[in-house]
Amino acid sequence: MDTVLSLEAISKSYGRIQALKEVSFTVPRGSVFGILGPNGSGKTTLMSIVLDVLKANTGSYSWFGKANHPSERKKIGSLLETPNFYHYLSATDNLNITSAISGRGTPEDISRVLELVKLSERKNSRFSTYSLGMKQRLAIAAALLGNPEILLLDEPTNGLDPVGIMEIRDLIRSLAQKGITIIIASHLLDEVEKVCTHVAILKKGNLLTAGHVNEVLAHEDIVELAAANMEALKQCIADMGGFSVLREEDQRLQIHYPAGTANMEAINAHCFRNGITLQLLLNKKRSLESKFFELTND
């Protein structure tokens, strides 16, 4: 898979505070790449550096395999802060102003991006009448002017209600299906988990892990079991062995195996041979949130 962004040992300090410490990873073309971490982890600083808003103290980065250049920058749309839209103007008028200032997009392009973010029916409504979710979608529309190949979004669902979060999540999925590579900085792990294909986790400027979401979560397999006689089931699984953790929670057994070793068919057959009919047999992936808190817990 082609790489659209490559970071090599990026470091950034603000006086005595080191915001980033030799961060290196690559972003594959066509991915939805989540840069995750709590407030103060260096996410926004990292996004600002690759957008040439800030300069790194040491290290380098490249877009599309080339050193940072204005011609490459035109392929990148970004939303670091919500644009200062005029509340008394319509979506179309606001995007016309944004286009004139940035030099991106045409009248036809404005219609296209409003369609992409599903605001065409409200294109002539004043910005002040928009919900928070609609305002954020208009901000993403502004970032999409000029038909960029890459879209960078810093905390795109921050402050939104559940409906607004769902709207942005659906929009990100839709844009990804159109082939746009999307890089998201966020601390809302549950929401990012629903859309990201790849992830990098930061803590206090340090990169803890990066890669495909399935690889990041693949340190172990978790299987959940239930039967009418939980004590007999627990003894049966204990006799089978091969696991690293066995515990009972909410009338279910949760069994942790080394990554790639959980054999659902063998578990079912072993229980059946011992006279136990399973009411539940589930191969449960760890959530990104649980992995994140495991990694960032002091």
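Source: prediction; values computed, not measured.

Visitor: Would you mind going over the sheet that holds strand E1 (residues 3–14) with me for this structure?
Guide: Within a sheet, adjacent strands bond to each other through the backbone by hydrogen bonds, running parallel or antiparallel. An order of E2-E1-E4-E5 is seen for the four strands of this open sheet, with the pairing classed as antiparallel. The sheet is open, and its two borders are formed by strand E2 (17–28) and strand E5 (66–67), each paired with just one other strand. With eight bridges joining them, E1 and E2 adopt antiparallel strand pairing. If you follow Ile10 over to E2, its bridge partner there is Val23. Helix H1 (residues 43–50) contacts E1, E2 and strand E4 (58–63) of the sheet and is inclined by roughly 120 degrees relative to E1.

Visitor: What is the right way to look at the environment of Ser60 in this model?
Guide: Mapped onto the elements of the fold, Ser60 is located in strand E4. Given a relative accessible area of 42%, Ser60 falls into the partly exposed group. Each C-alpha atom, one on Ser60 and one on Ile10, is 6.1 Å from the other, the two residues being 50 residues apart in sequence. Those residues in contact with Ser60 that lie beyond four places of it in its chain are Ser6, Leu7, Glu8 and Ile10.

Visitor: What should I look at first to understand the state of the cysteines in this one?
Guide: Simply put, the disulfide is a covalent bond whose two ends are the sulfur atoms of two cysteines. One pass over the full model with this rule turns up zero disulfides. Looking at Cys236, it has no disulfide partner, and the nearest cysteine sulfur is the one in Cys271, 4.2 Å off. What makes Cys236 buried here is its relative accessible area of 5%.

Visitor: Whenever I open this one, the packing of helix H3 (residues 91–102) against helix H5 (residues 132–143) confuses me. Can you help?
Guide: Packed helix pairs are specified by the crossing angle of their axes together with the interaxial distance, meaning the distance between the axes. Direction vectors running N to C along H3 and H5 enclose 35 degrees, while the axes themselves pass 10 Å from each other. Between H3 and H5 lies a crossing of right-handed hand. Together, Ala91, Leu95 and Thr98 of H3 and Leu138, Ala141 and Ala142 of H5 make up the contact between the two elements. Residue composition of the contact of H3 with H5, by class: five nonpolar, one polar and no charged.

Thresholds applied
- Residues numbered from 1 in each chain as written.
- Predicted model: local features only at pLDDT ≥ 70, side-chain atom pairs only at ≥ 80, totals over all residues.
- Heavy atoms only, no water.
- Pairing = 2+ DSSP bridges.
- Helix = DSSP H or I, 4+ residues; strand = E, 2+ residues; numbered from the N terminus.
- Contact = heavy atoms within 4.5 Å.
- Axes fitted to C-alpha atoms, helices over the stretch in contact; angles between N-to-C directions.
- Buried < 20%, exposed > 50% of the residue type's maximum accessible area, 1.4 Å probe, protein only.
- Disulfide = S-S within 2.5 Å.
- Left-handed = near helix turned anticlockwise from the far one by under 90°.
- Nonpolar A, V, L, I, M, F, W, Y, C, P; charged D, E, K, R; others polar.

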